[in-house]
Amino acid sequence: MLTIRQRFRLQGDVIADLISLGIPRTYQGFKQLLRAELEKKLHKFVEYHVMDILYASLLEHGFSPTIADSSDPEWPARYLEIRGITCEEVEKNVEAFLPVVEKYFKVMKMERAGIFFEMELFSESLGEFRLTFSTDNPSFDPRRDACSIFAVARRHALPPLAAKILDEFEILIANPPKPPEIPLWIGGHRLVLRNFIPRTFSFTPSIQPVFFEKRGMPISINPVWDWHRLGYGEGRGFRLVSLEGAEIHISHREHGSKTVRVEPYNILGLRTIDVEFDYISKRNKAVWDTLIEKHEVSKKQGPQTSLSHPSGCLCHE
Amino acid sequence: MSKQVSLPKALPPTEAFKICKEKLGSIPEIFEKILIDYSNLSGLSNELRPTKGWQLDWTDDRVLKHYVKRYIRYVGNILMSANYMGFENVTSIHIFGVTEDGKLFMNEVDRPRGFLKGEFECMCRLPNGTMLFVTNDEFFKRFLGFTTFAPDGAVITTSGEDAAFGFRLQGDVVADLCSLGIPRTFQHFKHLLREELSRRLYVYMNYCVTDLLYAALLEHGLSPTLYDRTWSESGTLFPLPYEYDLPERHVVIEGVTYQDFRENINGFTRILGKYFNVLRIRDEGEAIKVEFSSDDFGTFVAVIKPFGYSFRSEISIVVYSMGCETSPMAVRILDEFEKTLDMPREPSEIRFWLGNHRVRLRNFISRTIRFTPSYEPIFFENRPIPVTVGPRLGVDVANYAVAYGYRFISLEGAEIHITHREHGSKTVKVEPYNILRLRTINTSNDYTRKRNKAAFRALNEENIDV
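Definitions and limits used
- Residues numbered from 1 in each chain as written.
- Chains lettered and ligands numbered in written order.
- Predicted model: local features only at pLDDT ≥ 70, side-chain atom pairs only at ≥ 80, totals over all residues.
- Helix = DSSP H or I, 4+ residues; strand = E, 2+ residues; numbered from the N terminus.
- Contact = placed C-beta atoms within 7 Å.
- Pairing = 2+ DSSP bridges.
- Axes fitted to C-alpha atoms, helices over the stretch in contact; angles between N-to-C directions.
- Expected span 1.5 Å × (residues − 1).
- Bend = angle between axes of the 7 residues up to and from the residue.
- Domains from an automatic or database assignment.
- Nonpolar A, V, L, I, M, F, W, Y, C, P; charged D, E, K, R; others polar.
- Parallel < 35°, antiparallel > 145°, perpendicular 65-115°, else oblique.
- Left-handed = near helix turned anticlockwise from the far one by under 90°.
- Core = buried A, V, L, I, M, F, W, Y, C linked by C-beta atoms within 7 Å.
- Buried ≥ 20, exposed ≤ 12 C-beta atoms within 10 Å, placed from the backbone.
- pLDDT = per-residue confidence, 0-100.
- Arc of directions from axis to C-beta.

1. Comments concerning the overall build of chain A
Next up, step 1: Tallying secondary structure elements over chain A gives five helices and 16 strands in all.
Next up, step 2: In chain A, 62% of the contacts between residues at least 6 apart in sequence involve partners at least 24 apart.

What follows is the structure in structure tokens.
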């Protein structure tokens, strides 16, 4: 039976959580997973390119489009805004707008979809995608006569541009560089991780947009099984992936040193043992009381010398 | 007795243009055509003006035609100079001009309230009642936000001034320069960088010393919590000339009340005494300040305050430098930095687009460079030190902040290569060791909206023609 999650106490209060990636434990299997992860993100890259080309075409037709990004922190989607024109105007005069779109794309279909006006487009390098035109409700601001345009790529087939990027990525992962050691501290424990990589890394393809800035593609490695994935997010500390020969070297002034080997192709999360929410406060208070007690004892035994002030007390200024 | 004010005489547009030309020397001939065309608006009602008024036989630019037809309707005064013509109304001025390659352009800029400042001379009025004034080019340039045009191969410089604004490079792209205020040699620039690092080094030293304090607290059994505060959270209203400075690291101890800590401060000095020499303790009521020193890092003060607003008892400790610029660690870091500067890499070309203009900057570096010393904190994550070069002048450096677009420093052989499909290519050289900002000329708030509307109408018209 496949064990999804295992918890190991490494030393003192340091715990390692392992989550299986759910793949055969070979580099070949891992490569396939990386490829699949990239493939999932490629449509975003294609959409970014579509917007870049549309931006160029709008400029060429005398428009002054405004660039905006969505608030997605991982890969913000780019959209364009044509101020002064509403979505309804575009729809009403769509024949006039078509030269802008048809300069670089082939229009397959146009339709109204609720509050949006949509165009299904095709390009030989970018495949099939949809442009959505929308305008904010003018009742919020009567001067808000702007048409936002964003692209959504079709995901059922890989367009030639995406295939090229995928090939480039495959060449890169065929000969991966040796990952550097990752040193970190957890409380008083010094950890050195060998043959681990971060769960998210960035890949910048050589193909880049013309007008827009170069953007790397963030690739996150996730388990192939998809239930409870949220519980194992990077935000919860599951930040590293073990490779062949992965090991954790942990040392502590009191507990000494030890090395633990980690099975390859697991997601690793490091944490401390679970405590009550106010345990730290209580413990600090206890430590503080002990320190004061020790200080009182040493004061009785001999004069205080560590402070420049003769009384060893606070001086008010 | 009231003073008699007489209206200037009314002249037909050809006559009006003639007397303006006599006054100004030379004026682009196209302005005469525009003036004649504008006179056709005379006598038309407001409803008819957008459709019937302008003939627009003086331009082939369909977008411009639509713009003028739709948005230049009600004109109070016409202002003319040797190279510009402005149609002024209550809120804005539509400025016509001719580009370096002889192309007519038009921009709308916001008009300030009240009377316009400048040198005007009333020449006449047109038959439709519009007054015609002559003025100088500088009046229009001020509104458009540039001072001079930089031709191909020109060298743009601050020439002994603190700053030089508004070199129009091509179309609507404008460059502003601010001198670094140093002799223009690499040796002096290196010295400036070192000085800049030295000025900001205390932030890094505070970070390293806080790291040692954290270690001491851990070793004494406490479980401190860490918290970062950036400069924007510290209540600074205006952007600093320094981009993204290192955030301030706070060490928070939960479970100990401020009062308890205050009464037993010697417990803390014992912890601090593990790595530092405690010099003095000052109680300032709302905060306790413990001064301490280290042979390697210099002198610091730990400011202890109650932390947070909740019922939970917490205190925060922040470390500030009291003099670490000459400490052995600071000197070591500065020397290391200088060594890396001795072998500078050739700066890579910086490429970007400004509208339809492709800009390539050669021999420019980003104003903020990042230096990671070989000394690293023990517990805390390694952080590079951001070194942002600011001008050494009597100017208000906040006006030249990175946030305002002053992002690049010119080095020896700096040049801006700019290309546009219609305007062609040109290269402008930049005097070394200036801070550069690239921007576009000023336009009115809703110029983009209006121009987009005009472009869309032009497309519509093309479609109807087809």
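From this point, the discussion proceeds with the structure in view.
2. Some remarks on the sheet that holds strand β3 (residues 66-69) of chain A
Residue and element names in this part refer to chain A.
Next up, step 1: Spatially, the six strands line up as an open sheet ordered β3-β4-β8-β7-β6-β5, and their pairing is antiparallel. For this open sheet the edge positions go to β3 and β5 (106-113), each flanked by a neighbour on one side alone. Across the sheet, the mean angle from the axis of one strand to that of its neighbour is 25°, orientation sign disregarded.
Next up, step 2: Alignment of β5 against strand β6 (residues 116-123), held across seven bridges, turns out to be antiparallel.

3. What to know about the sheet that holds strand β3 (residues 92-98) of chain B
Sheet strands pair via backbone hydrogen bonds, and the direction of the pair is either parallel or antiparallel.
All names here are of chain B.
Next up, step 1: Sheet architecture is open: six strands sit in the order β4-β3-β2-β1-β6-β5, paired in mixed fashion. Looking at strand neighbours, the two that pair on one side only are β4 (104-110) and β5 (121-125), the edges of this open sheet. The average angle at which neighbouring strand axes cross in this sheet is 20°, direction not considered.
Next up, step 2: Direction of pairing for β5 relative to strand β6 (residues 131-134): antiparallel, over a ladder of four bridges.

4. Some points on helix α6 (residues 186-219) of chain B
Residue and element names in this part refer to chain B.
Next up, step 1: For α6, spanning 34 residues, the distance from its first C-alpha to its last is 47 Å, which sits close to the expected 50 Å at 1.5 Å a residue.
Next up, step 2: Maximal helix bending in α6 amounts to about 45°, located at R200.
Next up, step 3: Within two residues after α6, G221 carries a phi angle of roughly 95°, on the positive side.

5. Examining the domain arrangement of chain A
Residue and element names in this part refer to chain A.
Next up, step 1: The assigned domain composition of chain A is domain 1 (5-40 + 163-272) and domain 2 (44-158).
Next up, step 2: Centre-to-centre, using C-alpha coordinates, domain 1 lies 37 Å away from domain 2.
Next up, step 3: Taken together, the contacts link nine residues of domain 1 with ten residues of domain 2.
Next up, step 4: Here the side of domain 1 that touches domain 2 is built from residues that sort into eight nonpolar, no polar and one charged.

6. Observations regarding the packing of α6 of chain B against helix α9 (residues 328-342) of chain B
Any two packed helices are characterised by the angle at which their axes cross and by the distance between the axes.
Residues and elements named next belong to chain B.
Next up, step 1: Across the interface, α6 lies against α9 with an axial gap of 10 Å and an inter-helix angle of 140°. As judged from the angle between their axes, α6 and α9 are oblique. Relative to α9, α6 is oriented so that their crossing is right-handed. When α6 is examined against α9, the residues K190, L193, R194, L197, S198, L201 and M205 are found in contact with a partner set consisting of M329, A330, I333, L334, F337, E338 and L341.
Next up, step 2: Residue classes in the contact of α6 with α9 are distributed as ten nonpolar, one polar and three charged.

7. A look at the interface of chain B and chain A
Accessible area lost upon the coming together of the parts is a frequently used measure of interface size.
Next up, step 1: Taken together, the contact between chain B and chain A spans 39 residues of the former and 41 residues of the latter.
Next up, step 2: For the side of chain B that touches chain A, the elements supplying multiple residues, two or more each, are β12 (248-254), α8 (265-272), β13 (277-283) and α10 (447-465) of chain B.
Next up, step 3: Its residues placed into classes, the side of chain B that touches chain A shows 15 nonpolar, 14 polar and ten charged.

8. Considering the nonpolar core
Next up, step 1: Core analysis: the largest hydrophobic core is formed by 131 residues, its most contacted members being V46 of chain A together with M80, I95, L169 and A175 of chain B.
Next up, step 2: Setting aside anything within four residues of it in sequence, one finds M80 of chain B in contact with C20, I27, F31, M85, L132 and V134 of chain B.

9. Notes on the confidence of the model for chain B
Residues and elements named next belong to chain B.
Next up, step 1: The pLDDT averaged across chain B works out to 86; a share of 90% of its residues lies at or above 70.
Next up, step 2: For chain B, per-element mean pLDDT is lowest for helix α3 (residues 49-53), which scores 61, and highest for strand β8 (residues 155-156), which scores 96.
Next up, step 3: Contacts of residues 233-244 to residues separated by more than four positions or lying in other chains number 21 contacts, the stretch itself having pLDDT below 50.
Next up, step 4: Two summary scores accompany this predicted model of the complex, namely pTM at 0.83 and ipTM at 0.80.

10. Concerning helix α5 (residues 137-144) of chain B
All names here are of chain B.
Next up, step 1: Among the residues of α5, those classed as buried are F140, K141, F143 and L144. Around the axis of α5, the buried residues are gathered within 160° of arc, so they sit on the same side.
Next up, step 2: For α5, the elements touching its buried residues are β2 (84-88), β3 and β4.
Next up, step 3: Positioned one or two residues after α5, G145 has a phi angle of 85°, which is positive.

11. Things to note about the confidence of the model for chain A
Next up, step 1: Taken as a whole, chain A shows an average pLDDT of 86; of its residues, 90% reach a score of 70 or greater.
Next up, step 2: Below a pLDDT of 50 lies the segment residues 304-317 of chain A, which in the model reaches 24 contacts outside its immediate sequence neighbourhood of four places, other chains included.

12. Focus on the pairing of strand β14 (residues 288-294) of chain B
Residue and element names in this part refer to chain B.
Next up, step 1: Both β13 and β14 contribute to a ladder of six bridges, which runs antiparallel. Following the sheet pairing, D283 is matched in β14 by I288.
Next up, step 2: Where β13 hands over to β14, the hairpin turn is made up of four residues, of which G285 adopts a positive phi near 75°.
Next up, step 3: One ladder, built from seven bridges, connects β14 with strand β15 (residues 298-306); its direction is antiparallel. The residue of β15 that forms the bridge with S293 is T299.

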